[in-house]
Amino acid sequence: MLHTACVRAGAFAIAHGIIGRFPLAKPFLAKPVMQSLTKNSPLRIQKQLIKDIYKQHGLKPANWESSAIIAVAESSSSQLVDFKQLERKLRGSLGDRLAGWLLKAAPLAQWAPEMVSVVAHTWAIGRYADSVGRIRKLGSDMLPAPLAKNLKLPANLLWNWTEEAFELALPVLGKIHAAGSRIRRG
């Protein structure tokens, strides 16, 4: 569940970031793609993850709990991004041609760190929500302090899930590329 939420949140973060930088491409995207983007914001995915984890523990989160978990995870999930490694991953996932176009059209410095941080942030949300759910199940009414070891996302896992998020976003990226080509031609 955590893996799926992290990958989906990362994929939709990259799609939202690129679409936001190419507003003229929106009319050329298929209606199902636009509907999917509308329904799947990273924040919505993260809030659903909290609900799903709480449900596993037989609990229902209060609105303030979801907001608090998201805020605590955000402050705990700062990750450093190596741009050279990210560019190699992008070229490996998308191929040189599409990656080259993407690197020119949407510089990595703008959207990639956000996408990677969304994956890390979603991980931290899931881990912290699970900790809170376990403690609440025992009868505590307070949010526990996050344990650093529970919120530390291993670097290799972050990169693997980031690569999966790129691959999940490929269909949308391909459609954006095609829409951009149509705009340039016509």
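In what follows, the structure referred to is the one given above.
Quick look at the structure, then. What you see is a predicted model; the values in this text were computed from it and never measured.

## Focus: the overall build of the protein chain
At step 1: Secondary structure assignment for the protein chain yields eight helices and zero strands.
At step 2: Each helix and strand of the protein chain, ordered N terminal to C terminal, gives the series α-α-α-α-α-α-α-α.
At step 3: Buried positions account for 45% of the 186 residues belonging to the protein chain.
At step 4: For the protein chain, long-range pairs separated by at least 24 residues make up 81% of all intrachain contacts whose partners lie at least 6 apart in sequence.
At step 5: Total accessible area on the protein chain stands at roughly 10000 Å², and carbon and sulfur atoms take up 56% of it.

## Section: helix H3 (residues 42–56)
At step 1: Counted at 1.5 Å a residue, the expected span for H3 with its 15 residues is 21 Å, and the 21 Å between its end C-alpha atoms agrees.
At step 2: Those residues of H3 that fall on the buried side of the exposure criterion are Pro-42, Ile-45, Gln-46, Leu-49, Ile-50, Ile-53 and Tyr-54.
At step 3: One or two steps after H3, the chain reaches Gly-58, where phi turns positive at roughly 75°.

## Overview of the layout of surface pockets
At step 1: For the largest pocket, the calculated volume is near 180 Å³.
At step 2: Looking at the largest pocket, the residues that line it are Lys-47, Lys-51, Leu-59, Lys-60, Pro-61, Asn-63, Ser-66 and Ser-67.
At step 3: Among the elements of the structure, H3 and helix H4 (63–76) are those that each provide at least two residues to the lining of the largest pocket.
At step 4: Within the lining of the largest pocket, the residues separate by chemical class into two nonpolar, three polar and three charged.

## Details of the environment of Thr-162
At step 1: Among the structural elements, Thr-162 can be located in helix H8 (residues 155–185).
At step 2: Accessibility expressed as a relative area gives 1% for Thr-162, which makes it buried.
At step 3: With 72 residues separating them in the primary sequence, Thr-162 and Leu-90 have C-alpha atoms 9.6 Å apart.

## Here's the deal with the nonpolar core
At step 1: Membership of the largest hydrophobic core comes to 44 residues, with the highest contact counts inside it found for Ile-50, Ile-69, Leu-90 and Met-115.
At step 2: When residues of this core are traced back to their parent elements, those giving at least two are helix H1 (2–21), helix H2 (31–39), H3, H4, helix H5 (83–94), helix H6 (96–105), helix H7 (108–137) and H8.
At step 3: The greatest single-element share of this core, amounting to twelve residues, is contributed by H1.
At step 4: If we skip the residues at most four places from it in the chain, Met-115 touches Gly-10, Ala-13, Ile-14, Thr-162, Ala-165 and Phe-166.

## Brief notes about the side chain of Gln-46
At step 1: Looking at where Gln-46 falls in the secondary structure, it is placed in helix H3.
At step 2: Exposure remark for Gln-46: the relative accessible area of 4% places this residue in the buried category.
At step 3: Here Gln-46 is in contact with Val-118, His-121, Thr-122 and Ile-125, once residues within four sequence places are set aside.

## So, the side chain of Ser-66
At step 1: In this structure, Ser-66 sits in helix H4.
At step 2: The buried category is assigned to Ser-66, whose relative accessible area is 10%.
At step 3: Once you skip the residues sitting within four places of it in the chain, Ser-66 turns out to touch Ile-50 and Pro-61.

## Some details on H1
At step 1: For H1, built from 20 residues, the straight-helix expectation of 28 Å at 1.5 Å per residue is met to within 8% by its first-to-last C-alpha distance of 29 Å.
At step 2: With 14 of 20 residues buried, H1 lies mostly within the body of the structure.

## Regarding the pattern of salt bridges
At step 1: A complete count under the given rule lists two salt bridges for this structure.
At step 2: For Glu-65, the salt bridge identified is with Arg-136, shortest N-O distance 2.8 Å. With a gap of 71 residues between them, Glu-65 in helix H4 and Arg-136 in helix H7 connect regions that are remote in the sequence.
At step 3: For the salt bridge of Asp-130 with Arg-134, the shortest nitrogen-to-oxygen distance reads 2.9 Å. Taken as a pair, Asp-130 and Arg-134 lie in helix H7 at a separation of four residues, close to a single helical turn.

Conventions and cut-offs
Residues numbered from 1 in each chain as written. Predicted model: local features only at pLDDT ≥ 70, side-chain atom pairs only at ≥ 80, totals over all residues. Heavy atoms only, no water. Helix = DSSP H or I, 4+ residues; strand = E, 2+ residues; numbered from the N terminus. Buried < 20%, exposed > 50% of the residue type's maximum accessible area, 1.4 Å probe, protein only. Contact = heavy atoms within 4.5 Å. Areas by Shrake-Rupley, 256 points an atom, 1.4 Å probe, with all protein chains shown as cover. Expected span 1.5 Å × (residues − 1). 1 Å grid on protein atoms, 1.4 Å probe; cavity = no way out; pocket = protein on both sides within 12 Å on 5 of 7 lines; lining within 4 Å. Points joined across faces, edges and corners; volume = space filled by probe spheres on them. Nonpolar A, V, L, I, M, F, W, Y, C, P; charged D, E, K, R; others polar. Core = buried A, V, L, I, M, F, W, Y, C linked by side-chain atoms within 4.5 Å. Salt bridge = Lys/Arg side-chain N within 4 Å of Asp/Glu carboxyl O.

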